[in-house]
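Analysis of the macromolecular model
Now for the letters of each chain:
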Amino acid sequence: MASCFLDSEFDYRHHLGVNTGHGNRILGDHPASFDRAGHLTLSELTGDPRVGIRDQIRDIGLEHPEKYLDFVGTLFLFTLLAALCGILPGYEPPTGSLSTTAALAICVFWAVPIYGIKERGIIPYLKRYAEPKVFMLPLNIVSDLSRTLALAIRLFGNVMSGSVIAAILLSVAPLFFPVLMKSLDLLIGAVQAYIFAVLATVYIAAATKSSEV
Amino acid sequence: MDNIGLIALVSLVTAGFTMCIGSIAPAIGEGRAISSALASLAQQPDASSTITRTLFVGLAMIESLGIYCFVISMILIFANPFWNFVVSRAGH
């Protein structure tokens, strides 16, 4: 046990030594990367959200995040705020209705070809549907439709399940337990907002990426 | 048993089985995904940002299967079209 601890401490020092050997780049980079791994840290929420969202878009693989910042950022902030307002009493989250999430998913459904055609031109964009072979054409179209449906139902189901569980628990154990479930609900809502925005970005990135790379 | 009781029974039992069976497979999948993500996080802490993001997206994909089952069981319990049909017909 003690030797194990010493070993790990030695590894840690060794790691630090390597880092300082490279100057303070990695020392400055390392905690930042851990912070960004959490994605929902307090500093990112209280700071300028545009900076964090832009960095995330760039991390996913879009070279000019400013072009997509308004669309993806609006999606993220809307779904996040819709989930986080759940701490207000008497509030029903708008994303708990299938109409809202279907509207958001249809926005993504149209944004993908718009960005793709703007970035690559209409012929190379449409040629993407016939890759890798022509007989994959119906499958690619069906995958576009089904991922839109999945996007809508995922957000709707997650938010709706929270309110249904809260309603059931209120009738079973009304004193303290719904508070815990409500706080778990806030976490799930934030994660789902992040996932919705990330999936929209991934779809846009797949549509705009040129295949010659 | 009359039609209303039969439809209620089948709907409730099917909703229960939907949730039961439909949460087993996503649970196994998410467990495997998280365990391999933890293993690669321990091997490469520098890539933690990419690994965590991919993990979240993958978990959302897997979890949506369970969410589909939940939506189906909610439809069976609260918005069952056959139930509404039979009740409306029985009203006449």
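Note: the structure precedes this text.
An account of the accompanying structure is given in this report. The structure displayed is predicted, hence computed values, not measured ones. (Residues numbered from 1 in each chain as written. Chains lettered and ligands numbered in written order. Predicted model: local features only at pLDDT ≥ 70, side-chain atom pairs only at ≥ 80, totals over all residues. Heavy atoms only, no water.)

**Re the packing of aromatic side chains**
Residue and element names in this part refer to chain A. What counts is decided by this rule: Any two rings among Phe, Tyr and Trp, with Trp reduced to its six-membered ring, count as a pair given centres within 6.5 Å; such a pair is stacked if its planes are under 30 degrees apart, edge-to-face if over 60, and tilted if neither. Using a 1.4 Å probe on the protein chains alone, a residue whose accessible area is under 20% of its type maximum counts as buried, one over 50% counts as exposed, and one in between counts as partly exposed. Only Lys NZ and Arg CZ are tested; either one counts as a charge over a ring when it is within 6 Å of the ring centre and within 35 degrees of the ring normal.
Inspection of the entire model under this criterion finds five aromatic pairs over all chains. Pairing Phe109 with Trp110 gives two aromatic rings, centres 5.4 Å apart and planes at 75 degrees, and the pair type is edge-to-face. Note on Trp110: relative accessible area 52%, which makes it exposed. Among the aromatic residues, those joined into a ring-pair cluster are Tyr68, Phe71 and Tyr115. Over the face of the ring belonging to Tyr129 we find Arg128, whose NZ or CZ atom lies 5.2 Å from the ring centre. The lysine or arginine in question, Arg147, covers the ring of Tyr203, its NZ or CZ lying 4.0 Å from the ring centre.

**Focus: empty space enclosed by the protein**
Residue and element names in this part refer to chain A. Selection rule: With a 1 Å grid laid over protein atoms only, a set of points is called a cavity when a 1.4 Å probe fits there but cannot get out and a pocket when it is open yet has protein on both sides within 12 Å along at least five of seven lines; lining residues have an atom within 4 Å of a point. Grid points are joined across faces, edges and corners, and a volume is the space filled by probe spheres set on the points. Put simply, DSSP H or I for four residues or longer makes a helix, DSSP E for two residues or longer makes a strand, and each gets a number counted from the N terminus.
Within the structure shown, the criterion is met by one cavity of 30 Å³ or more. The space that makes up the largest cavity amounts to roughly 150 Å³. Ala83, Gly86, Pro93, Val159 and Asp185 are, among the 13 residues lining the largest cavity, the residues nearest its centre. Of all elements in the fold, only α5 (66-84), α8 (137-172) and α9 (177-208) reach the threshold of two or more residues within the lining of the largest cavity. For the lining of the largest cavity, the element with the most residues is α9, which contributes five residues.

**Overview of the pattern of salt bridges**
All names here are of chain A. The following threshold applies: Think of a salt bridge as a Lys or Arg side-chain nitrogen and an Asp or Glu carboxyl oxygen that are within 4 Å of each other.
Inspection of the entire model under this criterion finds three salt bridges over all chains. Taking the shortest distance from any N to any O, the salt bridge between Asp55 and Arg58 comes out at 3.4 Å. Of this pair, Asp55 and Arg58 both sit in helix α4 (residues 49-60), three residues apart, which is roughly one turn of the helix. The partly exposed category is assigned to Asp55, whose relative accessible area is 26%. A salt bridge links Lys67 to Glu119; the shortest N-O distance between them is 3.0 Å. Placement of Lys67 in helix α5 and of Glu119 in helix α6 (residues 98-120) is noted, with a sequence separation of 52 residues between them.

**Structural notes on the nonpolar core**
How we decide: Here the nonpolar core consists of buried residues drawn from Ala, Val, Leu, Ile, Met, Phe, Trp, Tyr and Cys, with membership extended through side-chain atoms lying within 4.5 Å. Between two residues, a contact is recorded if the distance between any of their heavy atoms is within 4.5 Å.
Core analysis: the biggest nonpolar cluster contains 39 residues, and Phe71, Val108 and Ile204 of chain A have the highest contact counts within it. Looking at this core, the elements that each hand over two or more residues are α4, α5, α6, α8 and α9 of chain A together with α2 (48-78) of chain B. Per-element tally for this core: the top contributor is α9 of chain A, with 14 residues. If we skip the residues at most four places from it in the chain, Phe71 of chain A touches Cys107, Val108, Ala111, Tyr115 and Ile204 of chain A.

**Digging into the packing of α6 of chain A against α8 of chain A**
All names here are of chain A. Basically, it comes down to this: Helix axes use the C-alpha atoms of the stretch in contact, all axes being lines fitted to C-alpha atoms, and the angles between their N-to-C directions lie in the range 0 to 180 degrees. Crossing handedness is defined as follows: a turn of the near helix away from the far one that is anticlockwise and smaller than a right angle gives a left-handed crossing, while the clockwise case is right-handed. Note that Gly is not counted as nonpolar here; it falls among the polar residues with everything else outside the nonpolar set of Ala, Val, Leu, Ile, Met, Phe, Trp, Tyr, Cys and Pro and the charged set of Asp, Glu, Lys and Arg.
Packing of α6 against α8 brings their axes to within 8 Å, and their N-to-C directions diverge by 145 degrees. Between α6 and α8 lies a crossing whose hand is right-handed. Mapping the contact onto sequence places Leu98, Thr101, Ala102, Leu104, Ala105, Ile106, Val108, Phe109 and Val112 in α6 and Asp144, Leu145, Arg147, Thr148, Leu151, Ala152, Ile153, Leu155 and Phe156 in α8. Split into classes, the residues belonging to the contact of α6 with α8 amount to 14 nonpolar, two polar and two charged.

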